[in-house]
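# Chains, contacts and geometry: an overview
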Amino acid sequence: MRRARGFTLLELLIAIAIFALLGLATYRMLTGVLRTDSVTLNHELQLRELVRAIAAFERDLLQVTARPVRDPFGDFLPALRGEADEVAAVELSRAGWRNPLGRNRASLQRVRWQLSGEQWQRRYWNVLDQAQDSQPQVQQALDGVTAMHLRYLDGDGSWLDSWPPAGTTGEAQLTGLPRAVELVLEHRRYGELRRLLPLPDVRPEGVAQASEAQSPDEPEDSGEVLEP
């Protein structure tokens, strides 16, 4: 009678070792694919955040309107005000504030872009002419911004670090708008980002024009969606 032969112990050990090596290689390959997918997804989210923030800034500038406003003390502020202090900022009146709920408020909006730490923020008010208790709503537009610089092109083709130009008075100071705005952001990931935005020709509105009906106590949507 023929004897039935099985695998020897050495053959079993060799087979187990081969399967272990194959399993380890497959695991490492799967881990690498998952890690690459995670990095790619994170990079995509950061890029979308950057594009969304720049697009919101551009929309505000392109919808600027020559409508001065009053501060909480009753003094007039220019339709567009560019500050060149230690932290650059730009504040402006813009049109096109959507009102899908048909609330009793203005169709114009006062917004401010500034840097707070490393957060590039968009701030907006629910009213144009502010009262003492008017507080801005804050939107975090972009993280990781280490510096922001703004320049304004006047009618003579000169670049200014602030707006309105020094020496202007009266209605020209309140309703005058630059021909273009240059934005430079320094980002930890993307380095220097530069945008040059030509502004539209806007007919100035009267300084003493009454603001449209508003309801300052009601929370409002900002008109720009910065969050996914």
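Relevant structure appears above.
Keep in mind it's a predicted model, so treat the numbers as computed, not measured.

A tally of regular secondary structure across the chain gives 2 helices and 11 strands. Ordering the α and β elements of the chain from the N terminus gives α-β-β-β-β-β-β-β-β-β-α-β-β. Within the chain, the fraction of its 228 residues that count as buried is 36%. Accessible surface, the chain: about 13900 Å² in total, of which carbon and sulfur atoms supply 55%.

This paragraph deals with the sheet that holds strand 9 (residues 159-160). Strand order in the open sheet formed by 4 strands is 9-8-10-11, and the pairing between neighbours is antiparallel. Of all strands in the sheet, those bounded by a partner on one side alone are strand 9 and strand 11 (191-198). Against the sheet, helix 1 (residues 9-62) makes contact with strand 8 (145-153), strand 10 (180-187) and strand 11, and its axis sits at roughly 25° relative to strand 11, the strand it touches most.

As a further point, take unusual backbone geometry. Following Trp-163, the chain continues into Pro-164 via a peptide bond in cis, with omega recorded as 5°. Topologically, Pro-164 is positioned in the loop between strand 9 and helix 2 (170-175).

Among the nonpolar cores identified, the biggest contains 31 residues, and Phe-57, Leu-80 and Trp-120 are the most heavily contacted of them. Counting residues per element, the ones that place at least two in this core are helix 1, strand 4 (89-94), strand 5 (109-116), strand 6 (119-125), strand 7 (137-143), strand 8 and strand 10. Per-element accounting of this core gives the leading share, 6 residues, to helix 1. In this structure, Leu-80 is in contact with Leu-61, Val-64, Val-90, Glu-91, Leu-92, Tyr-152, Trp-163, Pro-164, Leu-177, Pro-178 and Leu-199, ignoring residues within four places of it in sequence. With 5 residues, the next largest nonpolar core counts Val-69, Ala-106, Leu-108 and Leu-128 among its residues.

Below, the discussion takes up the pattern of salt bridges. Following the criterion strictly, the structure yields 13 salt bridges and no others. A salt bridge links Arg-194 to Glu-182, with the nearest nitrogen and oxygen atoms 3.0 Å apart. Remark: Glu-182 occurs in strand 10 and Arg-194 occurs in strand 11; sequence separation between them is 12 residues. Counted as one network, the salt bridges with shared partners bring together Arg-81, Glu-83, Glu-91, Arg-110 and Arg-112.

A surface patch of nonpolar side chains, amounting to about 550 Å² of accessible area, comprises Leu-10, Ile-14, Ile-18, Phe-19 and Leu-22. Positionally, Ile-14 belongs in helix 1.

Moving residue by residue along a regular strand, the side chains alternate between the two faces of the sheet. Judged by how many residues are buried, strand 5 sits mostly within the fold: 7 of 8 residues are covered. Relative to strand 6, strand 5 is paired through 7 bridges, and the arrangement is antiparallel. Opposite Leu-115, over in strand 6, you have Trp-120 as the bridge partner.

A word on the packing of aromatic side chains. A complete count under the given rule lists 4 aromatic pairs for this structure. An angle of 45° between the planes, with centres 5.5 Å apart, marks the rings of Phe-57 and Trp-120 as tilted. Linking Phe-57 in helix 1 with Trp-120 in strand 6, this pair joins segments that are 63 residues apart in sequence. Accessibility expressed as a relative area gives 0% for Trp-120, which makes it buried. Taken together, the ring pairs in this structure connect Phe-57, Trp-113 and Trp-120 into an aromatic cluster.

Conventions adopted
Residues numbered from 1 in each chain as written. Predicted model: local features only at pLDDT ≥ 70, side-chain atom pairs only at ≥ 80, totals over all residues. Heavy atoms only, no water. Helix = DSSP H or I, 4+ residues; strand = E, 2+ residues; numbered from the N terminus. Buried < 20%, exposed > 50% of the residue type's maximum accessible area, 1.4 Å probe, protein only. Areas by Shrake-Rupley, 256 points an atom, 1.4 Å probe, with all protein chains shown as cover. Pairing = 2+ DSSP bridges. Contact = heavy atoms within 4.5 Å. Axes fitted to C-alpha atoms, helices over the stretch in contact; angles between N-to-C directions. Core = buried A, V, L, I, M, F, W, Y, C linked by side-chain atoms within 4.5 Å. Salt bridge = Lys/Arg side-chain N within 4 Å of Asp/Glu carboxyl O. Patch = residues over 30% accessible without salt bridge, like charges linked within 9 Å, V, L, I, M, F, W, Y side chains within 5 Å. Phe/Tyr/Trp six-rings, centres within 6.5 Å; stacked < 30°, edge-to-face > 60°.

Geometric values such as these leave the question of function open.
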